[in-house]
Amino acid sequence: MSNIFRKKDVSQLLNGNTERLPQTLGGFDLVMLGVGAIVGTGIFILPGTVAATHSGPAIVISFIIAAIVCALAAMCYSEFSSTIPVTGSAYTYGYIIFGEVIAWLVGWALVLEYGLASASVATGWSAYFVNILEGLNIHIPEMFTGPFDPANGTYINLPAVIIVLAIAFLLTRGIQESTKINKIMVFVKVGVILLFVLVGMFYVKPENWQPFMPFGIEGILSGAALVFFAFLGFDAVSSAAEEVKNPQRNMPIGIIGSLFICTLLYVSVSLVLTGIVSYTQLNVTDSVSFALQMVNQDWISGIISVGAVTGMMTVILVMIFGGTRLLYALGRDGLLPKIMSDLDRKHKTPVKNTWIFAILIAFCAGFIPLGTLAELVNMGTLIAFIIVSVGVIFLRKNKNMPSGGFKVPLFPIIPILSFGACVFLILQLAISTWIACGIWFLIGLALYFMYGKNHSTMNN
């Protein structure tokens, strides 16, 4: 039993002879990665549906509460990633604090999170992309526009497969090239959001904000639990810790900075949206486009669709990036086959694991309906948040850790609050999600005892 709870030595991890990824990223690169991961189609959908069914115009308070909860976990991530700037995110932190088997389970949960998030977003991207093409009178045969479902005439979601493989190819070219493209797409996405806010603010009617809290405090809190998931993705930034210049300074900037920018964007869109149209009319799948049509601004709806497509591409990019870095860490530690940690000599990126991961994601996006599996993304994320929130308390007690990194303020109150908030949210998930997650963990444990435990570098 002692073997499966063996822990990584920090000094060996930071100064060992293992091949490390090159340090090329700055604070601004990390902020762009964070915004790219967090802001997807949710900003064009969630504010309207949650306002209509839970929060009313007080949706802005729901977003602020959700942002505060995320900020608690973000500060814990910042302390870990600036103190131990090694790839692997919560998996590596768990290895140092709790031991190998716990780290493996966290890593296994995150593989599911990054993989399913990429596949489900690629499916959404495909739907938007097909609609834009149809608006240009370009029609893709129906058999290539959905998961395998012969009864409804669809066999493969070809656009979803293509976008996953295209982004994988970009990631194999090197992290600097990937972040350059990501910056361009983030600027386009944020520009579209700001266009909606600037145009829409002239059509705001303050009377639409009354009553401000039609569902009371309970509505605001239930709304916060729903929109919390619109902020997920910042944890993928910590996967880049090993590739960051001056991580003690830049990791907290990237994680907390991206969360702050996204909060401003969500609150601005929510204020304008509920000001243009009464919250009672916003329970639609395209609330932003609907609001613009109500004020005869149809031309912006097309631009919003372009922004949504661009926004989803950045989410796919950062999620695949996070997954490949996690697989790289698992391979380097011997818990997965060595091929997962092979670096390309020219580009210094894990090309082989990128293609393996991308092909699996492309298969899921192309053939499997992912609606019922989407909540598993939330489960994996919250498990990682819980491990990091508890782990930072043990991290602070360990006097052998490097000094000089970011420190969580109001310690240990903030880590305890973060832990409590994450436990509350994980208990809100459906029973079916718990069952599916349990099956996934049993598969993971079987893989660990059959392969990982015997091949772990800790055996040496």
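Residues numbered from 1 in each chain as written. Predicted model: local features only at pLDDT ≥ 70, side-chain atom pairs only at ≥ 80, totals over all residues. Heavy atoms only, no water.

(A) How the structure looks around the overall build of the protein chain. For the protein chain, the helix and strand inventory stands at 16 helices and zero strands. Taking 23 Å as the expected radius of gyration for a compact globule of 460 residues, we find that the protein chain reaches 22 Å, a close match to that expectation. Buried positions account for 56% of the 460 residues belonging to the protein chain. At a minimum sequence separation of 6, the contacts of the protein chain that also span at least 24 residues come to 83%. As displayed, the protein chain has an accessible area near 18,500 Å², and 68% of this comes from carbon and sulfur atoms. (Helix = DSSP H or I, 4+ residues; strand = E, 2+ residues; numbered from the N terminus. Rg over C-alpha atoms; globule rule 2.2 N^0.38 Å. Buried < 20%, exposed > 50% of the residue type's maximum accessible area, 1.4 Å probe, protein only. Contact = heavy atoms within 4.5 Å. Areas by Shrake-Rupley, 256 points an atom, 1.4 Å probe, with all protein chains shown as cover.)

(B) Quick look at the packing of helix α2 (residues 27–38) against helix α8 (residues 175–200). Axis separation between α2 and α8 bottoms out at 9 Å; the angle between their running directions is 55°. By the criterion of interaxial angle, the relationship of α2 to α8 is oblique. As α2 runs across α8, the sense of the crossing is left-handed. Counting all contacts with α2, which are made through F28, D29, M32, L33, V35 and G36, the residues of α8 involved are T179, N182, K183, V186, F187, K189 and V190. Classifying every residue of the contact of α2 with α8 by side-chain character gives seven nonpolar, three polar and three charged. (Axes fitted to C-alpha atoms, helices over the stretch in contact; angles between N-to-C directions. Parallel < 35°, antiparallel > 145°, perpendicular 65-115°, else oblique. Left-handed = near helix turned anticlockwise from the far one by under 90°. Nonpolar A, V, L, I, M, F, W, Y, C, P; charged D, E, K, R; others polar.)

(C) Geometry of the pattern of salt bridges. All chains considered together, the criterion is met by seven salt bridges. Among the ionic pairs, R6 bridges to E100, the shortest N-O distance being 3.1 Å. Here R6, found in the segment before α1 (10–15), pairs with E100, found in helix α6 (residues 100–135); they are 94 residues apart in sequence, far enough to count as distant. Both residues of the pair, R6 and E100, belong to the buried class. In this structure, E242 engages R332 in a salt bridge whose closest nitrogen and oxygen atoms are separated by 2.9 Å. Taken together, the residues E242 in the loop between α9 (216–227) and α10 (247–276) and R332 in helix α12 (residues 298–332) connect sequence positions 90 residues apart. For the pair shown, E242 and R332 are each scored as buried. (Salt bridge = Lys/Arg side-chain N within 4 Å of Asp/Glu carboxyl O.)

(D) Structural context of the packing of aromatic side chains. Considering all chains together, one arrives at 20 aromatic pairs under this definition. With centroids separated by 6.0 Å and ring planes inclined at 85°, the aromatic side chains of Y77 and F234 adopt a geometry described as edge-to-face. Here Y77 is found in helix α4 (residues 59–83), whereas its partner F234 is found in the loop between α9 and α10, with 157 residues between them in sequence. Here Y77 matches F234 in class, with each residue buried. Ring geometry for W125 and F129: centres 4.7 Å apart, planes at 10°, overall stacked. In this pair, W125 and F129 both sit in helix α6, four residues apart, roughly one turn of the helix. Under the relative-accessibility criterion, F129 is labelled partly exposed at 28%. Every member of this aromatic cluster is reached through a ring pair, and the members are Y77, F80, Y93, F228, F234 and F385. Over the aromatic face of F411 sits the side chain of R396, whose NZ or CZ is 4.1 Å from the ring centroid. Here the guanidinium or amino end of K397 rests over the ring plane of F394, the centre of that ring lying 5.9 Å away. (Phe/Tyr/Trp six-rings, centres within 6.5 Å; stacked < 30°, edge-to-face > 60°. Lys NZ or Arg CZ within 6 Å of the ring centre and 35° of its normal.)

(E) Quick peek at the nonpolar core. With 150 residues, the main nonpolar core has Y77, F196, F228, F234, L330 and F385 as its most contacted residues. If we ignore the near neighbours within four places in the chain, the residues touching F385 are A73, Y77, F228, L232, F234, D235 and C422. (Core = buried A, V, L, I, M, F, W, Y, C linked by side-chain atoms within 4.5 Å.)

(F) The environment of T123, seen in detail. Within the fold, T123 resides in helix α6. On the accessibility criterion, T123 (27% relative accessible area) is partly exposed. Spatially, the C-alpha atoms of T123 and I320 are 14 Å apart, while their sequence positions differ by 197 residues. Side-chain polar atoms of T123 contact the backbone oxygen of A119, separated by 2.9 Å. (Polar contact = N/O pair within 3.5 Å; in protein donor to acceptor, adjacent residues only side chain to side chain.)

(G) Spatial organisation of the environment of V60. With respect to the helices and strands, V60 occurs in helix α4. Residues V60 and S456 lie 396 residues apart in sequence; the distance between their C-alpha atoms is 48 Å. In contact with V60, other than residues within four places in its own chain, are F212, V267, S270 and L271.

(H) Region of interest: helix α5 (residues 90–97). In terms of burial, α5 is a largely internal element, eight of the eight residues being buried. The complete set of buried residues in α5 reads A90, Y91, T92, Y93, G94, Y95, I96 and I97. In the segment just after α5, G99 is the residue with positive phi, at about 110°.

(I) Local environment of helix α13 (residues 351–367). With 17 residues, α13 extends 24 Å between its outermost C-alpha atoms, agreeing within 8% with the 24 Å of an ideal straight helix rising 1.5 Å per residue. Among all positions of α13, only V351, N353, T354, F357, A358, I361, A362, A365 and G366 are buried. (Expected span 1.5 Å × (residues − 1).)

(J) Geometry of the packing of helix α3 (residues 42–55) against α10. At a minimum axis separation of 10 Å, α3 and α10 run at an interaxial angle of 55°. With respect to α10, the axis of α3 lies oblique. Like other packed secondary-structure pairs, α3 and α10 cross with a definite hand, here right-handed. Between α3, through I43, P47, G48 and A51, and α10, the contact on the second element is made entirely by L265, Y266, V269, S270, L273 and T274.

(K) A look at the side chain of N250. Looking at the element boundaries, N250 is found in helix α10. A distance of 2.4 Å separates a polar atom in the side chain of N250 from the backbone oxygen of K245. Other than its neighbours up to four places away in sequence, N250 contacts L25, G26, G27, L30, V244 and K245.

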